[in-house]
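Given next are the chains, with one letter for each unit.
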Amino acid sequence: MASIIIIPIIIVTLVGLSGYLVYRFLIYDLYCKRIVNQSLQKYNIKKTPSQIIKEYYENKGEKISHKEIQNLEKNYRQNEPEQFLVMYDAIREHLKDKE
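What counts and what doesn't
Residues numbered from 1 in each chain as written. Predicted model: local features only at pLDDT ≥ 70, side-chain atom pairs only at ≥ 80, totals over all residues. Heavy atoms only, no water. Buried < 20%, exposed > 50% of the residue type's maximum accessible area, 1.4 Å probe, protein only. Helix = DSSP H or I, 4+ residues; strand = E, 2+ residues; numbered from the N terminus. Core = buried A, V, L, I, M, F, W, Y, C linked by side-chain atoms within 4.5 Å. Phe/Tyr/Trp six-rings, centres within 6.5 Å; stacked < 30°, edge-to-face > 60°. Axes fitted to C-alpha atoms, helices over the stretch in contact; angles between N-to-C directions. Parallel < 35°, antiparallel > 145°, perpendicular 65-115°, else oblique. Left-handed = near helix turned anticlockwise from the far one by under 90°. Contact = heavy atoms within 4.5 Å. Nonpolar A, V, L, I, M, F, W, Y, C, P; charged D, E, K, R; others polar.

**Q** Got a minute to help me understand unusual backbone geometry in this structure?
**A** Negative phi is the rule for most residues except glycine; trans is the rule for most peptide bonds. Notably, Asn44 is not glycine yet its phi reads approximately 55 degrees, a positive angle. Overall, the relative accessible area of 55% leaves Asn44 in the exposed class.

**Q** Just checking my understanding: could you explain the environment of Asp97 for this structure?
**A** Looking at the secondary structure, you find Asp97 in helix α4 (residues 83-98). When its relative accessible area of 64% is taken as the criterion, Asp97 is described as exposed. Put simply, Asp97 and Glu62 are 35 residues apart on the chain and 19 Å apart in space, counted from C-alpha to C-alpha.

**Q** Would you mind showing me how to read the nonpolar core here?
**A** In a soluble, globular protein the nonpolar side chains are often hidden away together inside. Core analysis: the largest hydrophobic core is formed by 13 residues, its most contacted members being Leu40, Ile52, Ile53, Tyr76, Phe84 and Met87. Counting residues per element, the ones that place at least two in this core are α1 (2-42), α2 (49-59), α3 (66-79) and α4. With four residues, the single largest contributor to this core is α4.

**Q** Please clarify how the packing of aromatic side chains should be interpreted in this entry.
**A** Each aromatic ring pair is characterised by the separation of its centres together with the angle its planes make. A complete count under the given rule lists three aromatic pairs for this structure. On the basis of an interplanar angle of 50 degrees and a centroid distance of 6.1 Å, the ring pair of Tyr23 and Tyr28 is categorised as tilted. With a relative accessible area of 42%, Tyr23 lands in the partly exposed category. Pairing Tyr76 with Phe84 gives two aromatic rings, centres 6.1 Å apart and planes at 85 degrees, and the pair type is edge-to-face. Across the pair, exposure class does not vary: Tyr76 and Phe84 are buried alike.

**Q** Which parts of the structure should I look at to understand the packing of α2 against α4?
**A** When two helices pack together, their arrangement is given by the angle between their axes and by how far apart the axes lie. Contact geometry of α2 with α4 gives a least axis separation of 9 Å together with a crossing angle of 50 degrees. Compared by their axis directions, α2 and α4 come out oblique. Taken as a pair, α2 and α4 cross one another with a handedness that is left-handed. Of the residues in α4, those in contact with Pro49, Ile52, Ile53, Glu55, Tyr56 and Asn59 of α2 are Phe84, Met87, Tyr88, Ala90, Ile91 and His94. Taken together, the residues of the contact of α2 with α4 sort by class into nine nonpolar, two polar and one charged.

Geometric values such as these leave the question of function open.
Take a look at the structure:
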């Protein structure tokens, strides 16, 4: 008798949890990536977010690995999307100072 109640609760819990995980780790990241790319296109920036991060840290004199770039890109993309524009401005300023 208890299995009539417990089995549907377990099934609903598993479906709900898997739906949340798909949203949180796949759909939300794709949505954030789309927003960042649209923002870069809006300002006619031809560089990808990973290129911006790599150049920014190179200009600061720091050498970071590809894995660190990926982690920073995901963090900025999901939590601070405006950082890409700030970093791009810093890159442009650095190029102007070189000239």
